[in-house]
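# Structural characterization, general
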Amino acid sequence: MARKKISLIGGGQIGGVLAQLCALRELGDVVLFDIVEGLPQGKMLDIAEVGPVDRYDVNLKGTNSYEDIKDSDVVIVTAGLPRKPGMSRDDLIEVNSKIMTTVAEGIKTYAPNSIIIVISNPLDAMVTLCQKITGFPYSRVIGQAGVLDSARFATFIAWELGVSVKDVTAMTLGGHGDDMVPLVRYASVNGIPVVELLEQKYGAEKGKEVMEAMVKRTRGAGGEVVALLKTGSAFYSPASSAIAMAESILKDQKRVLPACCFLQGEFGVDGYYVGVPAVLGEKGVENIIQFKLDAEEQAMMDKSVAAVKGLVDSMK
Ligand code: TXD
């Protein structure tokens, strides 16, 4: 099997962790691109020099030239500013749209057959713009938000119930904003509904309140990290989340992961990128998994989609 190639556009906080994770897992050869001279070269040299310690053997290159991303299988985009305390993701739209425009043109020219995973915020809008500029099929341009938002929800559930995070499954749909939709009904500990476990622990009423508090914390989890760091936003967790998606694509694993995908009627949404469960394989998005939302979930989804639409339409 030919070696895979992963290019990372943006060599900041998330980009650096992405590069290290690609190396540790030997996902393929890695190129780290940034406009800042020396930054991607320095990070890749640093990561390459511990290959003998961590025992990975892949080619790692830092660059300021788009030519180096040629023949990439997967491109992950983190280029763009992160938020500072008090900012919403949407506040980044103007500056990050300009950055995304040049990035998407670079990918279109030099890696026309790649599958793109966008991480830059505001996520739903940046994925939309990236697809528009590259003109790639929708199945080859997706965004990372749901894997992280879901992991945050699962983490809070595990802490609350005193069980291993490994045994909790939880999923978040919708846009990557404060109106995201954590699916309470389907959250489980090895298949046992979390709602039932909370009811056992606290009784029906208090159990519901505890769940609502976890939903609220999940929605604000990105901001919670920003408020603590003060200088930027979460970077370990978005990097690991995007790597799970990239790995499923590179190894054709067909994992079902919540991803920001272009919808054409699914979940009552037509013509917008929104977070939904998707089968990720060598062709990118190979299937969108649909299921029936109850009235309350659909109402939350509609609210989240309305926020995405407002943001995306503001770019036109
Ligand atoms: O889950 C998610 N989707 C996210 C998204 C979770 C957390 C943060 N998320 C967003 O990712 C965040 O709001 C930002 O928009 C991106 C990147 O976050 P990161 O923390 O990595 O930001 P940095 O450290 O500022 O890195 C951004 C890099 C930096 O090195 C710049 O020099 C570079 O982007 N940059 C560019 N690279 C290439 N091309 C251009 N034009 C460019 N402009 C800036």
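Cut-off values and rules
- Residues numbered from 1 in each chain as written.
- Predicted model: local features only at pLDDT ≥ 70, side-chain atom pairs only at ≥ 80, totals over all residues.
- Heavy atoms only, no water.
- Helix = DSSP H or I, 4+ residues; strand = E, 2+ residues; numbered from the N terminus.
- Rg over C-alpha atoms; globule rule 2.2 N^0.38 Å.
- Buried < 20%, exposed > 50% of the residue type's maximum accessible area, 1.4 Å probe, protein only.
- Contact = heavy atoms within 4.5 Å.
- Areas by Shrake-Rupley, 256 points an atom, 1.4 Å probe, with all protein chains shown as cover.
- Lys, Arg positive; Asp, Glu negative; His and termini not counted.
- Charge placed at Lys NZ, Arg CZ, Asp CG, Glu CD.
- Near = heavy atom within 4 Å.
- Polar contact = N/O pair within 3.5 Å; in protein donor to acceptor, adjacent residues only side chain to side chain.
- Nonpolar A, V, L, I, M, F, W, Y, C, P; charged D, E, K, R; others polar.
- Domains from an automatic or database assignment.
- Arc of directions from axis to C-beta.
- Axes fitted to C-alpha atoms, helices over the stretch in contact; angles between N-to-C directions.
- Parallel < 35°, antiparallel > 145°, perpendicular 65-115°, else oblique.
- Left-handed = near helix turned anticlockwise from the far one by under 90°.
- Buried area = accessible area lost by both parts, 1.4 Å probe.
- Salt bridge = Lys/Arg side-chain N within 4 Å of Asp/Glu carboxyl O.
- Pairing = 2+ DSSP bridges.
- Phe/Tyr/Trp six-rings, centres within 6.5 Å; stacked < 30°, edge-to-face > 60°.
- Disulfide = S-S within 2.5 Å.

What follows concerns the overall build of the protein chain. Looking only at helices and strands, the protein chain features eleven helices and 14 strands. Relative to the 2.2 N^0.38 estimate, which gives 20 Å for 316 residues, the radius of gyration of the protein chain is 19 Å and therefore close to what a compact globule would have. For the protein chain, the proportion of its 316 residues judged to be buried stands at 53%. Looking at the protein chain alone, contacts between residues at least 24 apart form 69% of all its contacts between residues at least 6 apart. When the accessible surface of the protein chain is totalled, it reaches about 14,500 Å², and 53% of it is carbon and sulfur. For the protein chain, the distance from the average position of its 33 positive side-chain charges to the average position of its 39 negative side-chain charges is 1 Å.

A separate point is the site of the ligand. Of all residues adjacent to the ligand, which total 29 residues, the nearest are Gln13, Ile14, Asp34, Leu81 and Gln144. The backbone of Leu81 places a nitrogen or oxygen atom 2.8 Å from an oxygen atom of the ligand. Of all the secondary structure elements, the ones that give two or more residues to the shell around the ligand are helix H1 (13–24) and helix H4 (93–110). Looking at the shell around the ligand, the element that brings in the most residues is H4, giving four residues. Among the residues making up the shell around the ligand, the classes are represented as 15 nonpolar, 13 polar and one charged. In this structure, the shell around the ligand is formed jointly by two domains, domain 1 (5–145) and domain 2 (146–316), each of which donates at least three residues.

Let us now look at helix H2 (residues 39–48). Taken residue by residue, H2 has Pro40, Met44 and Ile47 as its buried positions. Buried residues of H2, seen end-on, are gathered within an arc of 60° and therefore sit on one face of the element.

It is worth spelling out the packing of helix H7 (residues 194–202) against helix H8 (residues 204–219) at this point. To characterise two packed helices, one gives the angle between the axes of the helices and the distance between these axes. Direction vectors running N to C along H7 and H8 enclose 125°, while the axes themselves pass 7 Å from each other. By the criterion of interaxial angle, the relationship of H7 to H8 is oblique. Considering the relative orientation of H7 and H8, their crossing is right-handed. Listed contacts from H8 to Val194, Val195, Leu198, Glu199 and Tyr202 of H7 are Ala204, Lys206, Gly207, Val210, Met211 and Met214. Partitioning the contact of H7 with H8 into residue classes produces eight nonpolar, one polar and two charged.

Here we come to the domain arrangement of the protein chain. When cut into domains, the protein chain gives domain 1 (5–145) and domain 2 (146–316). Averaged C-alpha coordinates put domain 1 and domain 2 at centres separated by 23 Å. Each partner contributes residues to the interface: domain 1 has 41 residues there, and domain 2 has 48 residues. Of the roughly 3,700 Å² buried at the junction of domain 1 and domain 2 (both faces included), carbon and sulfur atoms supply 71%. On the domain 1 side of the contact with domain 2, Arg89, Asp124 and Ala145 bury the most area, a combined 18% of that side's loss. Connecting domain 1 to domain 2 are two salt bridges. Here Glu247 ties to Arg25 by a salt bridge, and the two come within 3.2 Å at their closest N and O atoms. At the boundary of domain 1 with domain 2, the tally comes to eleven residue pairs in polar contact (both at pLDDT 80 or more). Of all elements in the fold, only H1, strand S4 (74–77), H4, strand S5 (115–118), helix H5 (123–134) and strand S6 (141–143) reach the threshold of two or more residues within the side of domain 1 that touches domain 2. If you tally residues by element for the side of domain 1 that touches domain 2, the top one is H5, at eight residues. Taken together, the residues of the side of domain 1 that touches domain 2 sort by class into 25 nonpolar, eight polar and eight charged.

For the rest of this paragraph, the subject is the sheet that holds strand S11 (residues 192–193). Judged by pairing direction, the sheet is antiparallel, and its three strands sit side by side in the order S7-S10-S11 without closing on themselves. In the strand order of this sheet, the two ends are held by strand S7 (168–169) and S11, each with one partner. Pairing between strand S10 (residues 188–189) and S11: two bridges, direction antiparallel. Paired with Ser188 across the bridge in S11 is Pro193.

By the definition in use, this model includes eight aromatic pairs. Here Tyr186 and Phe291 contribute two aromatic rings whose centre-to-centre distance is 5.5 Å and whose plane-to-plane angle is 80°, an arrangement assigned as edge-to-face. Here Tyr186, found in the loop between strand S9 (181–182) and S10, pairs with Phe291, found in the loop between strand S14 (284–288) and helix H11 (295–314); they are 105 residues apart in sequence, far enough to count as distant. Aromatic pair Phe267 and Phe291: ring centres 5.5 Å apart, planes at 80°, arrangement edge-to-face. Within this pair, whereas Phe267 is found in the loop between strand S12 (255–264) and strand S13 (270–281), its partner Phe291 is found in the loop between S14 and H11, the two being separated by 24 residues in sequence. Three or more aromatic residues joined by ring pairs form one cluster here, namely Tyr138, Phe262 and Tyr273.

Turning next to the state of the cysteines. Counting across every chain of the model gives zero disulfides. There is no disulfide at Cys22, and the cysteine sulfur nearest it, in Cys130, is 17 Å away. Considering cysteine sulfurs only, Cys260 is the nearest to Cys261, which forms no disulfide, with 6.9 Å between them. Using a relative accessible area of 2% as the deciding quantity, one classes Cys261 as buried.

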